[in-house]
Amino acid sequence: MRACFSQHPRLREALLALAALIIIAGALALTFLHVLRSGPEDIAGRYDIFRYYGPITFYLDFCLSQGELPLWNPMVYCGLPNAANPQAFVFYPLNLLRSLLLPSVSPLATNISLVIFVGLHLLAMGWGTWLLARAHRLSFPAALVAALAWVCSALIVRRACEYHFLYTMAWLPFLLILVKAAIDAREARLKFAIALAAGLLFGMAILGGFLQIVNYLGVTIAFYALLYRASLAGEGRGWRAALARVGVESVCFATMLAVAGLIALVLLLPVTELAPFSTRDKGSSVSMYSDLMAWDIKRLYQSLVIYAGPQWETETARLAGVTAILLAVAGCFHRRRGLVALFGLLAYALIDCGFGPPFPIASLVNLVTPFSSSAYSRGFDFALLPLGMLAGLGVDTLRDAATRPAARRFLAVALLYAAGVTLIPLWGWTHPHGYLPVSGLVVLIPALGLLLMLAAIALRGRAAGAIAFLLPFVLLAETLAWNSVFVPWMIARHLNETPPLQAGHQFPQANRRGTDPIPNRTLYSMRPAINGVDPLHLADMRVLVSGQFREKLNKREVRDWEPTAENARGNLFLKRFFWLVPAWDDAPLPGKTDLFPPTSVVYLDEAPALDVPRHSGPGGTWASVSERAIRVEIPGAAAQVNDPATPLRSRFLFTVPETIEGVSAGSSGALHSALVLHYVGDTPAQVDTVFVDREDGARTWGLRHRPGRGAGVLEVPVPDMRAGTAEVTIKPEKQGNFRLTDAYLAVDPEDRDQNIAIRDFSANRMALSVEVAGERPSMLVFLDAWYPGWTAWINGEPARIQRANGAFKAIALPPGTHEVVFAFRPRSVYIGLAISLLAAVGAFGAMAVLLIRYRRDQHRRPSPAPLLEAPDSAQP
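Rules of the game
- Residues numbered from 1 in each chain as written.
- Predicted model: local features only at pLDDT ≥ 70, side-chain atom pairs only at ≥ 80, totals over all residues.
- Heavy atoms only, no water.
- Core = buried A, V, L, I, M, F, W, Y, C linked by side-chain atoms within 4.5 Å.
- Buried < 20%, exposed > 50% of the residue type's maximum accessible area, 1.4 Å probe, protein only.
- Helix = DSSP H or I, 4+ residues; strand = E, 2+ residues; numbered from the N terminus.
- Contact = heavy atoms within 4.5 Å.
- Salt bridge = Lys/Arg side-chain N within 4 Å of Asp/Glu carboxyl O.
- Pairing = 2+ DSSP bridges.
- Axes fitted to C-alpha atoms, helices over the stretch in contact; angles between N-to-C directions.
- Parallel < 35°, antiparallel > 145°, perpendicular 65-115°, else oblique.
- Left-handed = near helix turned anticlockwise from the far one by under 90°.
- Nonpolar A, V, L, I, M, F, W, Y, C, P; charged D, E, K, R; others polar.
- pLDDT = per-residue confidence, 0-100.

**Some points on the nonpolar core**
- Trp 130, Phe 202, Leu 398, Phe 578, Leu 780 and Phe 822 are the most contacted members of the largest nonpolar core, which totals 233 residues.
- The biggest single contributor to this core is helix α23 (residues 461-491), with 12 residues.
- Not counting residues within four places of it along the chain, the set of residues in contact with Phe 578 comprises Asn 511, Ile 756, Ile 758, Met 766, Leu 768, Leu 780, Val 781, Phe 782 and Phe 822.
- The next biggest cluster of nonpolar side chains, apart from the first, holds 31 residues, and it includes Val 656, Ile 660, Leu 671 and Leu 675.

Here it is in structure tokens:
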């Protein structure tokens, strides 16, 4: 068998690679065993899986099943450019393939496919790291340690809840292998062919990731290329030949970046278009939700040795346990100093980026980065790869330490010292642990690893080699001791409701939307919501929708109470997609606590093309319904509260008339209405209202009021619900008397929702039939975010879209019945897609031509001597 392998080294390496793949797959299966055992209701997980990646991926799956690529998302946040969002993965080829291979379309099928998809990316990360280590001539067990130290580390296991990390980082080891191969290649043709392959792979990584992660990916590749080239500086045939090779490689590197950029242009062009409308463009003030510079030394030290507490569990600096640290220390004594320097300096550069400015490399990276970062600590995710490679070098150092007597004593002392500063405090930090009920194995396993390392130093030959084969499994056992309790805690649903997993959803045809306490969850049931969560939101829209006290905070999330309790606009005009109004005004949009009738007026930046009447509101505070509003009584309205310690809670049942003064409710289900409360009191109070739809149970906050002393009237716009319950809570500020003397509904007969019929609702298109009664033109207000790329047609003729109500769209309609179409057709996407496809075809074609010519030339003359020495024959 050994003779067969010696005669067929490629077969031997292929079998070793297959064995490594199986071992890494088994390690990941053990790490995520709890996930594999979980039921369907649990796989939606916690964090961004539940409220972001799961819902937004299901939205993609649903739209593709309907034959449409979702360039826009009208279902949350009052409309978002979906294709311009890197974390929507609309153009990530593997994600599209995953979606197209789904046997059925449902939230459950999406979440199951994502679990498999993430597992495959983790497997690619681990196996690619093993291949990278083998490319650098590490032994089989050393390469395994390098792979497991990265892919089973606390930080990467945590990223199973954040797909945009894994979809990009999975390509990193393969890219480094190609960069190494391009530098090793002696002929320019082969260098350029490899550079083209790397560009295609890099472009794939960009399409699969968040831009900050892509940024660190580029930083890692650049520093690796520079350091690896520097490690070969002594080889060559003189300085002129070396200079020529560096010049060729620089052109190859530029070619790789150019191809990657062109491949990813289908994403980069829309992102560039979106950036000025978001809060993430360069120079924007983005709050740092993870800042390693703010940590003290003790917490940083603890985070490297143990799994940190839940406060800093999301973004931190964590490794793969004490065993990995000890092996990395041993790796610093490896006889190949150039390789130690390569991965040591690469690790430093990425850790520098993880801390952010004023560290020098982080400052340089920040200077050339065209967007604002919210967490520099993400650089530490990439630093784990070179640190894992150092740990792999440690295995080979221990294996041949016995043949280097001069280094044995220093290596043993270094290991004992490193074990002392990590193992001694470990027990006190883990018993009890801050949030994980870990066992004593987290201390005993690395202690056993230390004993094995010391034994490997003392022993020779096969005994040391056998110990080297045990070390990857010791490292894995230590990570399992942590991950067996960390993974269940990490993926446990911290929300008290099971995600809707059933199938059978469709785009709504009703002119109605609401809010949801768990942002983006409504995507699972295809229910449109005013609020949502997205890190790359439209800044004007978030400010307009958010609560009045949170609009200046750069929050990616708008909670369900913001646009309705702290903002009159939620139930005032955001509760629908469309309004048909007879007049316009060019005054600024009223404040978030001010009222105006959305059935009567729209606020435009400039006058409409048609002769739509101009409306000037009365002085003072407007009402939320028109002057023609009709009073509908609510029985049992009077209530009183005297004790501030016991707030009053009253419940009013109401039913909105289906028809009033010949006007009927449209597809929204109810005529626009307001709850009017009369009160009298001798103490200030806070009055909160929650509306509950008695038909579907949906709960919606109503506008919060803070009335002062005396008598007055409170007006609360009502969400569209035919039969509802108003739950009113009164909290007086001081001891005193506060009474509700009357309550009724003000129903607006000027509501023209019955004149609007939605014919077709999809991701990128809205078709509707609109009747404008009377002899004067009206404005059709589309309460979906204003953004470049939207076009409109009236009866097949192009129509001018105007900016309305601060950040929305409107068109003017003449009298009569019209077929209206709104469509999102962004030029940035179409131009980017055309260039990306041409670039992919061109890169593949050029690579094929270069390889064919290289092969032809190889057959015509003997192969040149390899640049690097051959792998050690003693390695398994």
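**Things to note about the pattern of salt bridges**
- Under the defined criterion, the tally for this structure stands at 33 salt bridges.
- In this structure, the salt-bridge partner of Arg 158 is Glu 162, at a minimum N-O distance of 3.4 Å.
- Its relative accessible area of 2% is what places Arg 158 among the buried residues.
- What makes Glu 162 buried here is its relative accessible area of 6%.
- One network of salt bridges, with partners in common, ties together Arg 158, Arg 159, Glu 162 and Asp 381.

**Overview of the pairing of strand β17 (residues 723-732)**
- When you tally the buried positions in β17, you get eight out of 10 residues, the bulk of the element.
- As paired strands, strand β10 (residues 648-655) and β17 are joined by eight bridges and run antiparallel to one another. Along β17, the bridge assignment pairs Thr 655 with Ala 723.
- As judged from the nine bridges shared by strand β14 (residues 685-693) and β17, these two strands associate in the antiparallel manner.

**What to know about the packing of helix α11 (residues 188-207) against helix α27 (residues 827-860)**
- Their axes nearest at 9 Å, the elements α11 and α27 cross at an angle of 150°. Taken together, the axis directions place α11 and α27 in an arrangement best described as roughly antiparallel. At the point where α11 passes α27, the crossing takes the left-handed sense. Together, Arg 189, Leu 190, Phe 192, Ala 193, Leu 196, Ala 197 and Leu 200 of α11 and Ala 840, Ala 843, Phe 844, Ala 846, Met 847, Leu 850, Leu 851, Arg 853, Tyr 854 and Asp 857 of α27 make up the contact between the two elements.
- For the contact of α11 with α27, the residue count by class is 14 nonpolar, no polar and three charged.

**Here's the deal with the confidence of the model for the protein chain**
- With 89% of its residues at a pLDDT of 70 or more, the protein chain shows a mean pLDDT of 87.
- Low pLDDT, under 50, characterises residues 865-876; the stretch is placed with 32 contacts to residues that sit more than four places away or in other chains.

**Looking at the sheet that holds strand β15 (residues 699-701)**
- Sheet architecture is open: four strands sit in the order β10-β17-β14-β15, paired in antiparallel fashion. A strand with exactly one partner marks an edge of an open sheet, and here the two such strands are β10 and β15. On average, each strand axis in the sheet is inclined to that of its neighbour by 25°, with strand direction left out of account.
- Sheet topology note: the β14/β15 ladder contains three bridges and is antiparallel. Its bridge partner being in β15, Val 692 is matched across the sheet by Arg 699.

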